[in-house]
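Overview (structure and organization)
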Amino acid sequence: MQVNPFHDVTATINKGDFVSIVGQNGAGKTTLCRIICGFISNEGRVLFNGDDLASLSIKERSEKIGYVMQDPNQMISQKMIFDEVALGLRLRNYNKEEIKQKVYHALKICGLYPYRNWPISALSFGQKKRVTIAAILVLEPDLLILDEPTAGQDWKTYTEIMSFLKQLNEQGKTIMIITHDMYLMMEYTNRSLAFADGELIADTLPIKLLTEKGLIKKAALKRTSLYDLAKKYQLKDPDAFVRAYINSERNK
């Protein structure tokens, strides 16, 4: 049996939450998500709507919880967009008409419907990421987990993907994101779980997480460049400046 890397970790994810999971490498962020999805066994309990997930297979969990890896190329196995998004439904023996309707719906949500008959090789990295999200959404999971959704992407793709995820969340989808990007954490998520050495050291608002020096040090986090800018120009309250900027961006 695998040893549980966590120590007294208890958290409740509420329907409609947009949660960022942060902390230094090796803190337990990805391990937590893999435990939730059933990829790793653990000695604790994972409840979903009050039901213990221990008795469910990975396939059964995937109908409730969708997991999107950091690199879309590690998830994609088909040559055509439609076939990739339809794969999970075909494995579950949906009929052709149901598959067509569900795939088209997922592609429309992800802004990929015009490309439904395209080969995946013709897509950009950001579009491939959307394909992997569509392939998960088509199964209609209640919870969507993404590992570093914007890692290695340019600003255009970054904002494109995060704006899309924000729209999904506003439509009621519960989302968890593993990230090292503190700006992303503050602008897009409404709650942060911070880990350090297998311990949950904070469950709070993103902006509060980056205004407590003790937590910043323990979780090995970095303040954003906005904070550095405020300090450079000797603003009276750097934290208030960051809050005002983030609130302005959210209200656009």
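The following paragraphs examine the structure supplied in this document.

Parameters at a glance
- Residues numbered from 1 in each chain as written.
- Predicted model: local features only at pLDDT ≥ 70, side-chain atom pairs only at ≥ 80, totals over all residues.
- Heavy atoms only, no water.
- Pairing = 2+ DSSP bridges.
- Helix = DSSP H or I, 4+ residues; strand = E, 2+ residues; numbered from the N terminus.
- Axes fitted to C-alpha atoms, helices over the stretch in contact; angles between N-to-C directions.
- Contact = heavy atoms within 4.5 Å.
- Salt bridge = Lys/Arg side-chain N within 4 Å of Asp/Glu carboxyl O.
- Buried < 20%, exposed > 50% of the residue type's maximum accessible area, 1.4 Å probe, protein only.

**Description of the sheet that holds strand E1 (residues 18-22)**
- On the basis of which strands lie adjacent, the open sheet formed by 6 strands has the order E4-E5-E6-E1-E7-E8 and mixed pairing. Each edge of the open sheet carries a strand with a single partner, namely strand E4 (65-68) and strand E8 (199-204). Pairs of neighbouring strands in the sheet enclose a mean axial angle of 20°, with direction left out of account.
- In this sheet, strand E7 (residues 191-196) lies alongside E1 in parallel orientation, the contact comprising 4 bridges. Bridge assignment links Ser20 to a residue of E7, and that residue is Ser192.
- Contacting E1, E4, strand E5 (143-147), strand E6 (174-178) and E7, helix H1 (residues 29-37) crosses the sheet at an angle of about 140° to E4.
- Strands in contact with helix H5 (residues 125-137) are E4 and E5; relative to E4, the strand with the most contacts, it is inclined by about 165°.

**Details of the pattern of salt bridges**
- If you walk through the whole model with that rule in mind, you get 6 salt bridges.
- With its nearest N and O atoms 3.5 Å apart, the salt bridge here joins Arg45 to Asp52.
- The shortest N-O distance in the salt bridge between Arg191 and Asp203 comes to 2.8 Å. With Arg191 in strand E7 and Asp203 in strand E8, this pair connects stretches of sequence that are 12 residues apart.
- Judged by relative accessible area, which is 38%, Asp203 ranks as partly exposed.
- In the salt-bridge network here, residues are joined through shared partners; they are Asp17, Arg191 and Asp203.

Purely spatial values, then, with no claim about function.
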